[in-house]
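# Commentary on secondary and tertiary structure
Below, each chain spelled out in residue letters.
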Amino acid sequence: MTEQVKDENKLIAERRGKLDNIRENCPANGHPNDFNREHYAADIQAEHGEKTKEELEELQVTYAIAGRIMAKRGPFFVLQDMSGRIQSYAEKTVQKDIKARWGLLDIGDIIGVKGILHKSGKGDLYVNMEEYSLLTKSLRPLPEKFHGLSDQEMKYRQRYVDLIINEKTRDTFQIRSQIVSGIRNFLTERGFMEVETPMLQVIPGGATAKPFETFHNALDIDMFLRIAPELYLKRLVVGGFEKVFEINRNFRNEGLSTRHNPEFTMIEFYQAYADYKDLMNLTEDMLRTLAVNVMGNSVIRNTVKNAEGEVTEEKFYDFGQPFERISMMDAVIKHAPHLDADVIKDPEGRFEELRAIAKQVGVKEPEGKNVWGAGKYLCEIFEEVAEHMLDQPTFITEYPWEVSPLARRNDNNAFITDRFEFFVGGRELANGFSELNDAEDQAARFQQQVAEKDAGDDEAMHFDQDYITALEYGLPPTAGEGIGIDRLVMLFTDSPTIKDVILFPHMRPQAD
RNA sequence: CGGCCGUUAGCUCAGCUGGUAGAGCAGUUGGCUUUUAACCAAUUUGUCGAAGGUUCAAAUCCUUCACGGCCGACCA
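What you see is a predicted model, and the numbers here were worked out from it, not measured in a lab. (Residues numbered from 1 in each chain as written. Chains lettered and ligands numbered in written order. Predicted model: local features only at pLDDT ≥ 70, side-chain atom pairs only at ≥ 80, totals over all residues. Heavy atoms only, no water.)

### Quick notes on the overall build of chain A
Scanning chain A from terminus to terminus reveals 17 helices and 19 strands. Of the contacts formed within chain A by residues at least 6 apart in sequence, a portion of 64% connects residues at least 24 apart. Total accessible area on chain A is roughly 26,000 Å²; 49% of this is exposed by carbon and sulfur atoms. Looking at chain A, you have 62 positive and 88 negative side-chain charges, and the mean spots of the two groups are 7 Å apart. (Helix = DSSP H or I, 4+ residues; strand = E, 2+ residues; numbered from the N terminus. Contact = heavy atoms within 4.5 Å. Areas by Shrake-Rupley, 256 points an atom, 1.4 Å probe, with all protein chains shown as cover. Lys, Arg positive; Asp, Glu negative; His and termini not counted. Charge placed at Lys NZ, Arg CZ, Asp CG, Glu CD.)

In structure tokens, the structure reads:
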């Protein structure tokens, strides 16, 4: 109760006073639940928006709508429902009746209206208020109607207010929903099966990251929130589910930023008897399909805004064209032509020179005994000089073995794996590879990760004996991929931060 | 975790080198009654993020803290 009193103010007190009267004088304690909403604003607009005033008068169609009052203009109320907005009209006797019953309607109140649809002189549709009911009294005033809610902290902490007020926010999360269901449809149409694997894991695997730790009382064991579903999905491929996918949350106990939330949504999918090139083709097809189906265009527009919110730069990402495919080495050479290409091409043979280049471009080496090999240096150099330059949709291939502990080694070059990552606008969106299905090789690589963990790298992988056992039963040749859903939604919705595409992003709780 | 910036009415924001706290919207009262950020008249609203300090005097200067934003670090 004390918490309520804290931000109580005159405006809220006035509305509470109105509600007190309503409770006494209206049925259902002021919260009726018998209004039968039959129509949506957007449907009415779509069906009749083009008709003339006279055509509508002839029709005399009755509609029953409900929604939140977003604005009052003279005798008009602007109602907003989940589909959109439409006006309702209260003639003078109705206004008097409303005032007598409920002490005027406030912006934010939720009402039901039934009546004949008309068109105003200015060309807007409205439903005449023949029957009307206050369904829910809103006790708190909404943000200002023109500027809306722009305080970012409040947008995230009170997303419900943001959603009431800001159409852009509603659009973003509708697009997010469409992207997820679009991916789901795309894969199920191609014979993939959706599965759910453990979020609580005893051995957190499938990625290198710090996990959240928890404890299971009945089993009396430590457990971890998963950092990736990968090893479980591949167990299912061993079991014979040859095409599987999972769309769900991963949890990583790491910092927050414009691109990171401690829990984030990934799709991972695995296909037996396919390789990483098949997945690049699939990815290209899927993203192109999504762009067209969800955004209505294979070209995605992004903007850069200044502090005043004015657009200073426009970017267009073309998913209609074939995506560029280039190896990590070639990408470094292409985007940093001043570096010695011969060294980049022979990272192991000219290791010391590679290290010098790394230092030159600003790679920070780890302290202590944790020694990097040529593959790690190459990858770091790539991230430093090339990654942010990958503007249009681009696959980077030929990731070094050293940074790919779960990927299959390339047949012709043991230094690299059959792996790609996918970039748009300088951001990594996806990571896929032909899976390592050699049980003995996998066991050896786990051993190396364990050694790195013992050396102090707390993000190195655990040894997962059961996963090795599964591989020993036989994983068919398989390719798998993960796509960061949040970042994909950021791209499609032109959102500068991941908090804009997560309904309830994590924040530090407010102090009392 | 580090650097920079921010926090003033329910919301969006002014408030200069210290001198009685402001506007628009929302609200209230009345008018108008086919409006489009409706309009006209009158009017109400504050722990200036918190706590200390300097000063005759602090929204304003200083210190600490809280929360947020941006940029780094870690990563997807």
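### Here's the deal with the packing of aromatic side chains
Considering all chains together, one arrives at 17 aromatic pairs under this definition. Between Phe76 and Tyr89, the aromatic rings sit 5.1 Å apart at their centres with planes inclined by 50°, giving tilted as the arrangement. Of this pair, Phe76 sits in strand β2 (residues 76-80) while Tyr89 sits in strand β3 (residues 85-89), and the two are 13 residues apart along the sequence. Judged by its relative accessible area of 18%, Phe76 falls in the buried class. Residue Tyr89 is classed as partly exposed on the basis of its relative accessible area of 24%. (Phe/Tyr/Trp six-rings, centres within 6.5 Å; stacked < 30°, edge-to-face > 60°. Buried < 20%, exposed > 50% of the residue type's maximum accessible area, 1.4 Å probe, protein only.)

### Regarding the pattern of salt bridges
Applying the stated rule across the entire model yields 31 salt bridges. Two residues, Lys376 and Glu380, come together in a salt bridge whose shortest N-O distance is 3.2 Å. Of this pair, Lys376 and Glu380 both sit in helix α14 (residues 374-385), four residues apart, which is roughly one turn of that helix. (Salt bridge = Lys/Arg side-chain N within 4 Å of Asp/Glu carboxyl O.)

### Quick look at the sheet that holds strand β9 (residues 213-216)
One open sheet accounts for three strands, arranged β8-β10-β9; its pairing is antiparallel. Two strands lie at the open edges of the sheet, namely β8 (200-201) and β9, each paired on one side alone. By the bridge criterion, two bridges tie β8 to strand β10 (residues 221-225) in an arrangement that is antiparallel. Bridging across to β10, Leu200 finds its partner in Leu225. (Pairing = 2+ DSSP bridges.)

### With respect to the sheet that holds strand β18 (residues 427-434)
What the eight strands build is an open sheet, ordered β7-β11-β12-β19-β18-β17-β16-β15; its pairing is mixed. Bordering the open sheet on either side are β7 (193-194) and β15 (324-327), each of which pairs with just one other strand. Two elements, strand β17 (residues 419-424) and β18, share six bridges in a ladder whose sense is antiparallel. Counted as the bridge partner of Phe422 is Ala430 from β18.

### Some words on a negative patch on the surface
Side chains of Glu54, Glu55, Glu57 and Glu58 sit close together on the surface and give a patch of like negative charge. Within the element layout of this structure, Glu54 appears in helix α4 (residues 53-59). (Patch = residues over 30% accessible without salt bridge, like charges linked within 9 Å, V, L, I, M, F, W, Y side chains within 5 Å.)

### So, the protein's contact with RNA strand B
Not every one of the 54 residues close to RNA strand B is listed here, only the nearest: Glu14, Glu153, His260, Arg487 and Arg508. Those atoms of RNA strand B that come within 4 Å of the protein belong to sugar or phosphate at a rate of 58%. Separating a phosphate oxygen of RNA strand B from a side-chain N or O atom of Arg73 is a distance of 2.6 Å. Residue Gln95 places a side-chain N or O atom 3.3 Å away from a base nitrogen belonging to RNA strand B. The set of elements that each furnish at least two residues to the surface near RNA strand B consists of α2 (10-25), β1 (62-73), β3, α5 (92-102) and α6 (152-157). Its residues placed into classes, the surface near RNA strand B shows 15 nonpolar, 15 polar and 24 charged. (Near = heavy atom within 4 Å. Polar contact = N/O pair within 3.5 Å; in protein donor to acceptor, adjacent residues only side chain to side chain. Nonpolar A, V, L, I, M, F, W, Y, C, P; charged D, E, K, R; others polar.)

### Observations regarding the packing of helix α13 (residues 351-361) against α14
For the pair α13 and α14, interaxial distance at closest approach is 10 Å and the crossing angle is 30°. What the angle tells us is that α13 and α14 run roughly parallel. Of the two possible hands of crossing, α13 and α14 adopt the one that is left-handed. The residues of α14 that touch α13, namely those facing Phe351, Leu354, Arg355, Ile357, Ala358 and Val361, are Ala374, Tyr377, Leu378, Ile381, Glu384 and Val385. Along the lines of polarity and charge, the residues of the contact of α13 with α14 split into 10 nonpolar, no polar and two charged. (Axes fitted to C-alpha atoms, helices over the stretch in contact; angles between N-to-C directions. Parallel < 35°, antiparallel > 145°, perpendicular 65-115°, else oblique. Left-handed = near helix turned anticlockwise from the far one by under 90°.)

### Quick word on the pairing of strand β5 (residues 125-128)
With burial as the criterion, each face of β5 is covered, one bearing Leu125 and Val127 and the other bearing Tyr126 and Asn128. Bridging between β3 and β5 involves three bridges; their strand directions are parallel. Bridged to Tyr89 within β5 is Asn128. Relative to β5, strand β4 (residues 110-119) runs antiparallel, the two sharing three bridges. When the bridges of β5 are listed, Leu117 appears paired with Val127. Counting the residues in the hairpin turn of β4 and β5 gives five residues, including Gly123, whose phi is positive at 100°.

### What to know about the confidence of the model for chain A
The pLDDT averaged across chain A works out to 92; a share of 96% of its residues lies at or above 70. Mean pLDDT across the elements of chain A ranges from a minimum in helix α1 (residues 2-6), with 39, to a maximum in β7, with 98. Reported for the predicted complex are a pTM of 0.93 and an ipTM of 0.91. (pLDDT = per-residue confidence, 0-100.)

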